[in-house]
Amino acid sequence: MHTVKNLAFGLLAAAAVASASDVVQLKKDNFNEFVSSNDIVLAEFFAPWCGHCKALAPEYEEAATSLKEKNIKLVKVDCTEESDLCQSFGVEGYPTLKVFRGLDNIVPYKGQRKANAITSYMIKQSLPAVSILTKDTLEDFKKADKVVLVAYIDAADKASNETFSEVADKLRDNYPFGASSDAALAEAEGVTPPAIVLYKDFDEGKSVFTDKFDAAAIEKFAKTAATPLIGEVGPETYSDYMDAGIPLAYIFAETAEERQELGDLLKPIAQAHKGVINFATIDAKAFGAHAGNLNLKADQFPAFAIQETAKNQKFPFDQDKEITVDAIKAFVEEFVSGKMEPSVKSEPIPETQEGPVTVVVAKSYNDIVLDDTKDVLIEFYAPWCGHCKALAPKYDDLASLYATSEFKDKVVIAKVDATANDVPDEIQGFPTIKLYPAGAKEEPVTYSGARTVEDLIKFIAENGKYKASVSEEAEETPVAPAATEEATAAPAAEDDHDEL
């Protein structure tokens, strides 16, 4: 009996250890108190059924454990149980992550959903915009992240200090910023104030900025110097490349050895175009499906393509040709010259429009969506998206109402399969619904309300040029704003389709 008790106690203890978590689950009655009593908190608003939430869970747990010693708290809220709390913070999709500095300073989490990325992001958030450094703290600060920026500025140089602080405030999500007014320390680091040194754990180890302190120039320097000459596209780097503001050249290869070999081969081309085009390798075995997003064949490697990230234009290199220095050099130079036409993936233009909803494809996008005489409501959808399927009958009803109204020649209800057609819009989730008002096509309005016919009509009437309102025969039951399913514009692993 004693042995059985000991065994039972041991099993209970093991279960307690297994269930221990450094992520704090909060409810409406303790959320405000917890957030107010901690300097900085990362909160995840989730739903138990959400696949992306399940994928995030182990990464979030690992990050919470890593950040525990720095007293940075990670919490979560189950929105199926705490709907009022989630709605009070504007949660419309899952997971939603927000950084809280008390209840009056709340900003969206903008990092990647991997443990080390969450850890790195939250450490940056916990630091002041600019950390004041001494010879005793500099070396540790250099190791705070893969990239850190340190300004060496005389204390009396107020203009340079203010400019550097301005850049630090703007880019604090990206890099830790430090500053020192110690002239001897600047000399030991090989610079003369005012100067900025970007320390990095790759390539040459550091880059130095000695030009006039101009905010735009410093920002450009930081983004260029912080990007490896030949980097690697992966879960932690994809968004950085997309946000860099310059095109990205992908080098697809299935083995690490081949990626290294091709990277070394093309390094002189990358060096010649540094700051104009970013170059990066990508694991074609894990993320080969992303080749299809670039209008490449997803089963023929190695491969090369350039993406104009700002316009979402794709320029695939002919996969039947060998990747050589001369061939890629000529390809890149033609792209930079502006003479190369982008590849456009498009379904055929429908010969006839069968249903009430106008079907748009890439080749008809400009003619329909950007028709300046009409208010166009367009749904960007994916065939596999459950939320899109649920919306379909309501969207058909909406289109039928306008097609039989006095506004039939002024309002278009449209849809486009964003997985089969290249579209210029940045799509973060499915379905995404936007209204392009007549006379203001450059300022589309994104819909974020409840997905009912009634609410969509109100949206069109409030935001369209023609204030077009139609009446329903029967009222729908109001529902809360619906969640979106995340888009797959980012590279996805072929086996489990996790986002990259």
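Structure shown above.
Quick caveat, the model's predicted, so the values are computed rather than measured.

Draft legend 1. Structural context of the nonpolar core. Residues Leu-149, Phe-164, Tyr-175, Phe-177 and Ile-196 are the most contacted members of the largest nonpolar core, which totals 24 residues. Going through the elements one at a time, strand E7 (147-152), helix H7 (158-171), strand E8 (177-180), strand E9 (195-200) and helix H9 (215-225) are the ones with two or more residues in this core. Of all the elements, H9 adds the most residues to this core, at 5 residues. When neighbours within four sequence positions are excluded, Phe-164 is seen to be in contact with Val-130, Leu-149, Val-150, Ala-151, Ile-153, Phe-177, Gly-178, Ala-179, Ile-196 and Phe-213. Leu-266, Ile-269, Ala-270 and Phe-317 belong to the second largest nonpolar core, which has 21 residues in total.

Draft legend 2. Focus on unusual backbone geometry. The omega angle of the peptide bond from Pro-193 to Pro-194 is -5°, so this bond is cis rather than trans. Mapped onto the fold, Pro-194 is located in the loop between helix H8 (183-188) and E9. Cis geometry marks the peptide bond from Phe-430 to Pro-431; its omega dihedral reads -10°. Here Pro-431 lies in the loop between strand E19 (429-430) and strand E20 (432-436).

Draft legend 3. Just the sheet that holds strand E1 (residues 23-25), in detail. Judged by pairing direction, the sheet is mixed, and its 5 strands sit side by side in the order E1-E3-E2-E4-E5 without closing on themselves. Because the sheet does not close on itself, it has two edges, and the strands there are E1 and strand E5 (106-108). Within this sheet the neighbouring strands show an average axis-to-axis angle of 30°, counted without direction. Pairing geometry for strand E4 (residues 96-100) and E5, over 3 bridges, is antiparallel. Within E5, the residue paired with Val-99 across the bridge is Val-107. Sheet contacts for helix H3 (residues 51-68): E1, strand E2 (41-46), strand E3 (73-78) and E4; angle to E2, the most-contacted strand, approximately 165°.

Draft legend 4. Structural detail: the pairing of strand E15 (residues 313-316). Direction of pairing for strand E14 (residues 303-308) relative to E15: antiparallel, over a ladder of 4 bridges. Of the residues in E15, the one forming a bridge with Gln-307 is Lys-314. Hairpin connection, E14 to E15: the antiparallel pair is bridged by 4 residues, and Asn-312 has positive phi, about 55°.

Draft legend 5. Representation of the environment of Lys-27 in the model. If you trace the backbone, Lys-27 turns up in the loop between E1 and helix H2 (28-36). For the pair Lys-27 and Glu-257, spaced 230 residues apart in the sequence, the C-alpha separation amounts to 50 Å. Once residues within four sequence positions are removed from consideration, Lys-27 is found in contact with Glu-81, Glu-82 and Leu-85. Within the local environment of Lys-27, its side chain forms a polar contact with the side chain of Glu-81, the two groups lying 3.2 Å apart.

Draft legend 6. Up close: the sheet that holds strand E10 (residues 206-209). Strand order in the open sheet formed by 5 strands is E6-E8-E7-E9-E10, with mixed pairing between adjacent strands. Unpaired on one side and paired on the other, strand E6 (131-132) and E10 mark the two borders of the sheet. Both E9 and E10 contribute to a ladder of 4 bridges, which runs antiparallel. Paired with Val-197 across the bridge in E10 is Val-208. Packing of H7 onto the sheet brings it into contact with E7, E8 and E9, and relative to E8 it is tilted by some 160°.

Draft legend 7. Representation of the state of the cysteines within the structure. Under the counting rule described, the total for this entry stands at 1 disulfide. In this model, Cys-79 is linked to Cys-86 through a disulfide, with the two sulfur atoms separated by 2.0 Å. Taking the torsion about the sulfur-sulfur bond, which here is approximately -90°, the covalent link between Cys-79 and Cys-86 counts as left-handed. Grouping residues by exposure puts Cys-79 and Cys-86 together as buried.

Draft legend 8. Region of the structure containing the layout of surface pockets. Within this model, the second largest pocket holds a volume of roughly 1100 Å³. Taken together, 33 residues make up the lining of the second largest pocket; nearest its centre are Asn-174, Tyr-175, Glu-236, Thr-237 and Asp-240. Every element with two or more residues in the lining of the second largest pocket is listed here: helix H5 (115-126), H7, H9, strand E11 (230-232) and helix H10 (238-243). Ranked by the residues each element gives to the lining of the second largest pocket, the list is headed by H5, at 5 residues.

Draft legend 9. Quick peek at the packing of helix H11 (residues 256-272) against helix H14 (residues 325-337). Relative orientation of the contacting elements H11 and H14 amounts to 35°, with a least axis distance of 10 Å. Like other packed secondary-structure pairs, H11 and H14 cross with a definite hand, here right-handed. Here H11 contributes Leu-265, Leu-266 and Ile-269 to the contact with H14, which in turn contributes Val-325, Ile-328, Lys-329 and Val-332. Grouping the constituent residues of the contact of H11 with H14 by class yields 6 nonpolar, no polar and 1 charged.

Draft legend 10. Inspection of the packing of H7 against H9 at higher detail. Across the interface, H7 lies against H9 with an axial gap of 9 Å and an inter-helix angle of 50°. When the interaxial angle is binned, H7 and H9 end up oblique. Here H7 and H9 pass one another in a crossing that is right-handed. Within the contact between the two elements, H7 uses Thr-163, Glu-166, Val-167, Lys-170 and Leu-171 and H9 uses Ala-215, Ile-218, Glu-219 and Ala-222.

Draft legend 11. How the structure looks around the packing of aromatic side chains. For the structure shown, the criterion picks out 20 aromatic pairs. A ring pair is formed by Phe-89 and Phe-100, whose centres lie 5.2 Å apart and whose planes are at 90°; its orientation type is edge-to-face. You can see Phe-89 sitting in the loop between helix H4 (83-88) and E4 and its partner Phe-100 sitting in strand E4, a full 11 residues away along the chain. Comparing Phe-89 with Phe-100 shows no difference in burial state: the two are buried. Ring plane angle 65° and centroid distance 5.5 Å describe the contact between Phe-164 and Phe-177, whose orientation is recorded as edge-to-face. With a gap of 13 residues between them, Phe-164 in helix H7 and Phe-177 in strand E8 connect regions that are remote in the sequence. Across the pair, Phe-177 and Phe-164 agree in class, each one buried. Of the aromatic side chains, those joined through ring pairs into one cluster are Phe-31, Phe-45, Phe-89 and Phe-100.

Reading guide: rules and limits
- Residues numbered from 1 in each chain as written.
- Predicted model: local features only at pLDDT ≥ 70, side-chain atom pairs only at ≥ 80, totals over all residues.
- Heavy atoms only, no water.
- Core = buried A, V, L, I, M, F, W, Y, C linked by side-chain atoms within 4.5 Å.
- Buried < 20%, exposed > 50% of the residue type's maximum accessible area, 1.4 Å probe, protein only.
- Helix = DSSP H or I, 4+ residues; strand = E, 2+ residues; numbered from the N terminus.
- Contact = heavy atoms within 4.5 Å.
- Pairing = 2+ DSSP bridges.
- Axes fitted to C-alpha atoms, helices over the stretch in contact; angles between N-to-C directions.
- Polar contact = N/O pair within 3.5 Å; in protein donor to acceptor, adjacent residues only side chain to side chain.
- Disulfide = S-S within 2.5 Å.
- 1 Å grid on protein atoms, 1.4 Å probe; cavity = no way out; pocket = protein on both sides within 12 Å on 5 of 7 lines; lining within 4 Å.
- Points joined across faces, edges and corners; volume = space filled by probe spheres on them.
- Left-handed = near helix turned anticlockwise from the far one by under 90°.
- Nonpolar A, V, L, I, M, F, W, Y, C, P; charged D, E, K, R; others polar.
- Parallel < 35°, antiparallel > 145°, perpendicular 65-115°, else oblique.
- Phe/Tyr/Trp six-rings, centres within 6.5 Å; stacked < 30°, edge-to-face > 60°.

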